[in-house]
Every structure is written in structure tokens, then in C-alpha cells.
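# A closer look at the structure
Read off the chains here:
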Amino acid sequence: MGDILLKKIILIAGPSGAGKTTISDYLNEKYDIPRVLTHTTRPMRVGEKQNVSYHFETDDSFKQLHFFEHVKYGSYQYGSSREALNLAWKKHDLVSLIVDIQGVYSYIKQLGDKVYFLYVTTSTKEELKERLLKRGDDPEKIKERLSGSELNLLPADLKQYAHVIVNDNLNKTKETLNSIISRLEED
């Protein structure tokens, strides 16, 4: 494994339905770029495994971690930590993580040029709407997701860091990702 200087985290952010998970899965399958595991205090679901699906935490163990970002949904906490990132970097120079826009600020502030920020979107809102309907999201929820802060639009002050991928066509997107990864591996 390379030197810590060569390590990078590919942050993937963008609106719901833009294809963030698809891109993260592609990077993992084709390039062995794993997703950094996040932490949660929610109970394990059937079929999930400790340190494979999530790092499952108690409220106490959750408090011990150093988070880039964390949120509370209902009574459960979720977060991405420096500890989990270092664990991932032990095995891989390139790792990825799906984050919301607020999370991007925290990573850039703390990790600087170790961050490679992919902003994934589609050319139209209609396309996002179609995809969310196709994957079975509730039409009311979709309306919420496609308005306001839920849309995860790219703020002006993050534009300089963002590598924008307009994911209208998966094959084109894969070609773009292939050239990005070959550049990152040369760095």
C-alpha cells in the first residue's frame, strides 16, 4: 500500500435519483474502490453484518468517534468518522463515500486535497423525477426531494472543488469515471 500522501477519498454528492449509489457500486466493482463504512446506532437488520453493512455502535461508542458529519434520524444516529476512513485507507489508497452537500464542506475543510469531489446530477429535474418514481419512491416525498435543500444543489462556493458528472447516460458516465480514475491513479 502506498504512502498516506497518495490516499484520496472520492466524495459523491448530488440530488436523490442522480445515480450516486450506482456510481459508487461501479467504482467498487470495476476498480476495487470500496465505500467507507459509516456508523449507526440503529439495530442491525436481518442480513446485515457488523463492520460490513455498517459499524453498529451503542450511544456510548458513537460518542467516542471523530466525525466529519453526523445526523440524527428519529432516535438513531448516523455518521462518517475519521476512524472509519483510516481503516479503509489501510487497505485501499482510493475509497469513496456518498455524502450530502453539508458533508462535503467538512471533508474539504479537514482533508483538503485528499478529497476528490464528484457532483452527480442529471440535465433535468424531470429525469430525477422519473428515476425516483421508477425506484418506487412515494410521489409526495419526491416533491419534497426535488425542492429546496433536499435537492442537494451545488452551492457556488463548492463549484471550484466539484467534478460535475451529468449522469443522463450510464455508459457515458462510466467512460468519464474511467478517465477520472486513471488520472487519480497516476497522481
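Throughout what follows, the structure given in this document is the object of discussion. (Residues numbered from 1 in each chain as written. Predicted model: local features only at pLDDT ≥ 70, side-chain atom pairs only at ≥ 80, totals over all residues. Heavy atoms only, no water.)

## Examining the overall build of the protein chain
- Scanning the protein chain from N- to C-terminus turns up seven helices and eight strands.
- Its C-alpha radius of gyration of 17 Å places the protein chain within 12% of the 16 Å reference for a compact globule of 187 residues.
- Seen along its three principal axes, the alpha-carbon backbone of the protein chain occupies a region of about 45 × 40 × 35 Å.
- The buried share of the protein chain, reckoned over its 187 residues, is 44%.
- For the protein chain, the accessible area works out to roughly 10,800 Å², and carbon and sulfur atoms hold 50% of it.
- Within the protein chain, one finds 27 positive and 27 negative side-chain charges whose respective centroids are separated by 1 Å. (Helix = DSSP H or I, 4+ residues; strand = E, 2+ residues; numbered from the N terminus. Rg over C-alpha atoms; globule rule 2.2 N^0.38 Å. Buried < 20%, exposed > 50% of the residue type's maximum accessible area, 1.4 Å probe, protein only. Areas by Shrake-Rupley, 256 points an atom, 1.4 Å probe, with all protein chains shown as cover. Lys, Arg positive; Asp, Glu negative; His and termini not counted. Charge placed at Lys NZ, Arg CZ, Asp CG, Glu CD.)

## Topic: the packing of aromatic side chains
- Scanning the entire structure with this criterion turns up seven aromatic pairs.
- Relative to Tyr 31, the ring of Tyr 26 has its centre 6.4 Å away and its plane inclined at 85°; by these criteria the two rings are edge-to-face.
- Grouped by ring-pair contacts, the aromatic residues Tyr 54, Phe 56, Tyr 73 and Tyr 78 constitute a single cluster. (Phe/Tyr/Trp six-rings, centres within 6.5 Å; stacked < 30°, edge-to-face > 60°.)

## Some words on helix 1 (residues 20–31)
- End to end, helix 1 covers 16 Å across twelve residues, agreeing with the expected 16 Å (1.5 Å per residue, within 8%).
- Listed in full, the buried residues belonging to helix 1 are Lys 20, Ile 23, Ser 24, Tyr 26 and Leu 27. Projection of helix 1 onto a plane perpendicular to its axis shows the buried side chains occupying an angular sector of 160°, all on one side.
- Of the surrounding secondary structure, the elements contacted by the buried residues of helix 1 are strand 1 (8–13), strand 6 (94–98), strand 7 (115–121) and helix 7 (170–186).
- Within two residues after helix 1, Asp 32 carries a phi angle of roughly 55°, on the positive side. (Expected span 1.5 Å × (residues − 1). Arc of directions from axis to C-beta. Contact = heavy atoms within 4.5 Å.)

## Brief notes about the sheet that holds strand 5 (residues 76–81)
- In space, the four strands of this open sheet follow the order 3-2-5-4, with mixed pairing throughout. Strands at the two margins of the open sheet, each flanked by one partner only, are strand 3 (55–56) and strand 4 (67–73).
- Pairing between strand 4 and strand 5: six bridges, direction antiparallel. Within the sheet, the bridge partner assigned to Lys 72 lies in strand 5 and is Gln 77.
- Those strands touched by helix 3 (residues 82–91) are strand 2 (39–40), strand 3, strand 4 and strand 5, and its axis lies near 45° from that of strand 5.
- Of the strands in this sheet, strand 4 and strand 5 touch helix 4 (residues 101–111), which is tilted by about 160° from strand 4. (Pairing = 2+ DSSP bridges. Axes fitted to C-alpha atoms, helices over the stretch in contact; angles between N-to-C directions.)

## Some remarks on the layout of surface pockets
- Approximately 1,400 Å³ is the volume found for the largest pocket.
- Residue lining of the largest pocket: 39 residues in total, with Lys 20, Tyr 73, Ile 98, Val 99 and Asp 100 positioned closest to the centre.
- Those elements that place two or more of their residues in the lining of the largest pocket are helix 1, strand 4, strand 5, strand 6 and helix 4.
- Counting residues per element, the lining of the largest pocket draws most heavily on strand 4, at four residues.
- Considered class by class, the residues forming the lining of the largest pocket number 15 nonpolar, 14 polar and ten charged.
- Space inside the second largest pocket adds up to approximately 250 Å³.
- Lining the second largest pocket are Pro 34, Arg 35, Val 36, Leu 37, Asn 51, His 55, Ala 84, Leu 87, Ala 88, Lys 90, Lys 91 and His 92.
- Among the elements that make up the lining of the second largest pocket, the one with the highest residue count is helix 3 (five residues).
- For the lining of the second largest pocket, the class distribution of residues is six nonpolar, three polar and three charged. (1 Å grid on protein atoms, 1.4 Å probe; cavity = no way out; pocket = protein on both sides within 12 Å on 5 of 7 lines; lining within 4 Å. Points joined across faces, edges and corners; volume = space filled by probe spheres on them. Nonpolar A, V, L, I, M, F, W, Y, C, P; charged D, E, K, R; others polar.)

## Things to note about the environment of Arg 131
- Considering the arrangement of structural elements, one finds Arg 131 in helix 5 (residues 125–134).
- Among all residues touching Arg 131, those that are not within four sequence positions of it are Gly 17, Ala 18, Gly 19, Thr 122, Asn 167 and Asp 168.
- Of the polar contacts made by the side chain of Arg 131, one reaches the backbone oxygen of Gly 17; its length is 3.1 Å.
- Within the structure, Arg 131 has its side chain in polar contact with the backbone oxygen of Ala 18 (distance 3.1 Å). (Polar contact = N/O pair within 3.5 Å; in protein donor to acceptor, adjacent residues only side chain to side chain.)

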